[in-house]
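An overview of the molecular structure
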Amino acid sequence: MTKKELAIEVCKRLDEEYGRDIECFLHYAPDKPWQLLIATILSAQCTDARVNEVTKALFKKYKTLGDFAMADVSELEKDIYSTGFYKNKAKNIKACSIKLLEEYNGAVPSDINLLVKLPGVGRKTANVIRGNIYSIDSIVVDTHVKRVSRLLGLTKEEDPEKIEVDLMKCIPKENWIIYNMQVILLGRNVCISGRPKCDICPMNDICRGKK
């Protein structure tokens, strides 16, 4: 089985197991894309559940992008403390909000080259925005996608950007956006780091890293 054939089979099984009607795991108001941007910045080295708990209060306190732009950084640090790396995240959220207001009139750009120039935004965050807000075919490489894709044999790379390139070559384009969400579910519930449930995994017979 070639890597392309393997990827097609993996996507087919993910579709069968989890379907394609999966909502973004991070909570945000659909008419406020900047909320997803901030939530994704907060999600670095933090669980989605924790981020959703924090943003529930955060987005009530800071109702607009302008509120974040004018926020006192030390106070914002306290508001997001439980997400970890709060000093960097608070500084980036404020700077990102200012840049969005000054350069884009408060709109979140769809161009990846513009997104990654925003403070605190890398390719992972940029692709979350592109896929969920703009429905632009994008592959998001988070810890689950990196680990599971390597186990399945879809990539041997360690660097997230190189993994993204590898996956774009073999995964059908129509699966790019949903692949991340499906793999997160697989990684959380079945292919758990350090204690995989290989016996009930839908990839059991095709996984190159099966234990």
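Details of the structure are given in the entry above.
Residues numbered from 1 in each chain as written. Predicted model: local features only at pLDDT ≥ 70, side-chain atom pairs only at ≥ 80, totals over all residues. Heavy atoms only, no water.

**Looking at the packing of helix 2 (residues 33-42) against helix 3 (residues 48-61)**
Stated precisely, the cut-off is as follows: To obtain an axis, a line is fitted to C-alpha atoms, over the contacting stretch when the element is a helix, and the angle between two such axes runs from 0 to 180 degrees between their N-to-C directions. Put simply, DSSP H or I for four residues or longer makes a helix, DSSP E for two residues or longer makes a strand, and each gets a number counted from the N terminus. Roughly parallel covers angles under 35 degrees, roughly antiparallel covers those over 145, roughly perpendicular covers 65 to 115, and oblique covers all other angles. What makes a crossing left-handed is the near helix being turned counterclockwise from the far one by less than a right angle; a clockwise turn instead makes it right-handed. Contact definition: two residues touch when any of their heavy atoms are within 4.5 Å. Three categories are distinguished: nonpolar for Ala, Val, Leu, Ile, Met, Phe, Trp, Tyr, Cys and Pro, charged for Asp, Glu, Lys and Arg, and polar for the others, with Gly belonging to the last.
Axis separation between helix 2 and helix 3 bottoms out at 10 Å; the angle between their running directions is 135°. The angle between helix 2 and helix 3 falls in the class oblique. At the point where helix 2 passes helix 3, the crossing takes the right-handed sense. Across from Trp34, Gln35, Ile38, Ala39 and Leu42 in helix 2, the residues of helix 3 making contact are Val51, Thr55, Leu58 and Phe59. Residue composition of the contact of helix 2 with helix 3, by class: seven nonpolar, two polar and no charged.

**As for the environment of Cys201**
To keep it simple, the criterion reads: Each residue gets one of three labels from its accessible area relative to the maximum for its type: buried under 20%, exposed over 50%, partly exposed in between, using a 1.4 Å probe on protein chains only.
Mapped onto the secondary structure, Cys201 falls in the segment after helix 11 (176-189). For Cys201, a relative accessible area of 15% gives the class buried. C-alpha of Cys201 to C-alpha of Gly131: the two residues are 70 residues apart in sequence and 27 Å apart in space. Beyond its immediate chain neighbours, meaning those up to four positions away, Cys201 contacts Leu186 and Val190.

**Some remarks on the packing of aromatic side chains**
Remark: the centre distance and the inter-plane angle together describe each pair of aromatic rings, the angle taken between the planes. For clarity, the threshold we go by: Ring pairs are drawn from Phe, Tyr and Trp, using the six-membered ring of Trp, whenever the two centres fall within 6.5 Å, and their geometry is named by plane angle: stacked under 30 degrees, edge-to-face over 60, tilted for the rest. Placement of a positive charge over a ring is assigned whenever Lys NZ or Arg CZ falls within 6 Å of the ring centre and within 35 degrees of the normal to the ring plane.
Summed over the entire model, instances satisfying the criterion amount to five aromatic pairs. Arranged with centres 6.2 Å apart and planes meeting at 80°, the rings of Phe59 and Phe68 form a pair that is edge-to-face. Just as Phe59 is buried, Phe68 falls in that class too. When the centroid spacing of 4.7 Å and the interplanar angle of 50° are considered together, the rings of Tyr81 and Tyr86 count as tilted. Grouped by ring-pair contacts, the aromatic residues Trp34, Phe59, Tyr62 and Phe68 constitute a single cluster. Positioned above the aromatic ring of Phe25 is the side chain of Arg188, whose terminal nitrogen or guanidinium carbon lies 4.8 Å from the ring centre.

**Quick word on the pattern of salt bridges**
The criterion, for reference: We define a salt bridge as a contact between a side-chain nitrogen of Lys or Arg and a carboxyl oxygen of Asp or Glu at a distance within 4 Å.
The tally for this structure, following the rule as stated, stands at twelve salt bridges. When the shortest N-O distance is used, the salt bridge between Glu158 and Lys146 registers 3.2 Å. With Glu158 in the loop between helix 9 (143-152) and helix 10 (160-170) and Lys146 in helix 9, this pair connects stretches of sequence that are twelve residues apart. Since its relative accessible area comes to 45%, Glu158 is described here as partly exposed. Put simply, Arg150 and Glu158 hold a salt bridge, and the shortest N to O gap is 3.3 Å. Given the relative accessible area of 31%, Arg150 is considered partly exposed.

Without other data, these values stay purely geometric and don't point to any function.
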